[in-house]
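An overview of the molecular structure
Given next are the chains, with one letter for each unit.
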Amino acid sequence: RLLDFSGRPVALADVQRDATLVAFWMASCVPCIEEMPLLDALSQRAASEPRVAVIGINLDDEESLPLARKVLAEKSVSYPMLRDPQRELVKKWFPKDPDSLGLPTLLLFDRAAHG
């Protein structure tokens, strides 16, 4: 479970689709912020295809949350934005060295490839 920007828990499975592009980002990551309009355009193009989703996952801690909110207000993206302030998802997906995750990081998941 992750959080939305209102602090409500959200299961990643609830926003995933057959093909899901996950974009990890932080407010201090300039390339992450620069790619948001491109990801938003991709998300809007995929809106007519219910099997495809783009999801943003913010890794900022509570102290940096106001800056992350400011970035979202300025970029006004339409794809779902979730938070992983404790980096639980990062620890699960990158267990060998979760602290070395470079940003931006994009992952593409294909449910068909995993049965």
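Preceding block: the structure.
Here we take up the overall build of the protein. The helix and strand tally for the protein stands at four helices and six strands. Shown N-terminal to C-terminal, the secondary structure of the protein runs as helices and strands in the order β-β-α-β-α-β-α-β-α-β. Computed over its C-alpha atoms, the radius of gyration of the protein comes to 14 Å, within 12% of the 13 Å expected for a compact globule of 115 residues. Expressed as lengths along the three principal axes of its C-alpha atoms, the size of the protein is roughly 40 × 35 × 25 Å. Burial status across the protein gives 43% buried among its 115 residues. Long-range contacts, defined as pairs at least 24 residues apart, comprise 77% of the intrachain contacts of the protein with a sequence gap of at least 6. Put simply, the protein shows about 6,800 Å² of open surface, and 53% of that area lies on carbon and sulfur atoms. Averaging the coordinates of the 14 positive side-chain charges in the protein and doing the same for the 17 negative ones gives two points 4 Å apart.

With that settled, the discussion passes to the state of the cysteines. Considering all chains together, one arrives at one disulfide under this definition. Here Cys29 engages in a disulfide with Cys32; their sulfurs sit 2.3 Å apart. On the S-S bond that ties Cys29 to Cys32, the torsion sits near 80 degrees, and the link is right-handed. Exposure remark for Cys32: the relative accessible area of 1% places this residue in the buried category.

Moving on, we get to the layout of surface pockets. The probe, sized like a water molecule, is rolled over the atoms to show the empty space still left. In this structure, the largest pocket spans a volume of roughly 180 Å³. Taken together, Val15, Arg17, Ser43, Ala46, Ala47, Glu49, Pro50, Val52, Ala53, Val54, Tyr79 and Pro80 form the lining of the largest pocket. Split by residue class, the lining of the largest pocket holds nine nonpolar, one polar and two charged.

With that settled, consider helix 2 (residues 30-46). With 17 residues, helix 2 extends 25 Å between its outermost C-alpha atoms, agreeing within 8% with the 24 Å of an ideal straight helix rising 1.5 Å per residue. Along its length, helix 2 shows its largest kink, about 35 degrees, at Met36, and proline Pro37 lies within four residues downstream of that point. All of the buried residues along helix 2 are Cys32, Ile33, Glu35, Met36, Leu39, Asp40, Ser43 and Ala46. Tucked into the core, helix 2 has its buried residues touching strand 3 (19-25), strand 4 (52-58), helix 3 (65-75), strand 5 (81-83) and strand 6 (105-110).

Looking now at the nonpolar core. Counting residues in each nonpolar core, the largest one holds 18 residues, and the members touching the most others are Phe5, Trp25, Met36, Leu72, Tyr79 and Met81. Where this core is concerned, the elements lending two or more residues are strand 3, helix 2 and helix 3. When near neighbours in sequence (up to four residues on either side) are disregarded, Leu72 contacts Phe5, Trp25, Met36, Val77 and Met81. Grouped together as the second largest cluster of nonpolar side chains are 15 residues, Val15, Phe24, Leu82 and Val90 included.

Parameters at a glance
- Residues numbered from 1 in each chain as written.
- Predicted model: local features only at pLDDT ≥ 70, side-chain atom pairs only at ≥ 80, totals over all residues.
- Heavy atoms only, no water.
- Helix = DSSP H or I, 4+ residues; strand = E, 2+ residues; numbered from the N terminus.
- Rg over C-alpha atoms; globule rule 2.2 N^0.38 Å.
- Buried < 20%, exposed > 50% of the residue type's maximum accessible area, 1.4 Å probe, protein only.
- Contact = heavy atoms within 4.5 Å.
- Areas by Shrake-Rupley, 256 points an atom, 1.4 Å probe, with all protein chains shown as cover.
- Lys, Arg positive; Asp, Glu negative; His and termini not counted.
- Charge placed at Lys NZ, Arg CZ, Asp CG, Glu CD.
- Disulfide = S-S within 2.5 Å.
- 1 Å grid on protein atoms, 1.4 Å probe; cavity = no way out; pocket = protein on both sides within 12 Å on 5 of 7 lines; lining within 4 Å.
- Points joined across faces, edges and corners; volume = space filled by probe spheres on them.
- Nonpolar A, V, L, I, M, F, W, Y, C, P; charged D, E, K, R; others polar.
- Expected span 1.5 Å × (residues − 1).
- Bend = angle between axes of the 7 residues up to and from the residue.
- Core = buried A, V, L, I, M, F, W, Y, C linked by side-chain atoms within 4.5 Å.

Just distances and angles here, no functional claims.
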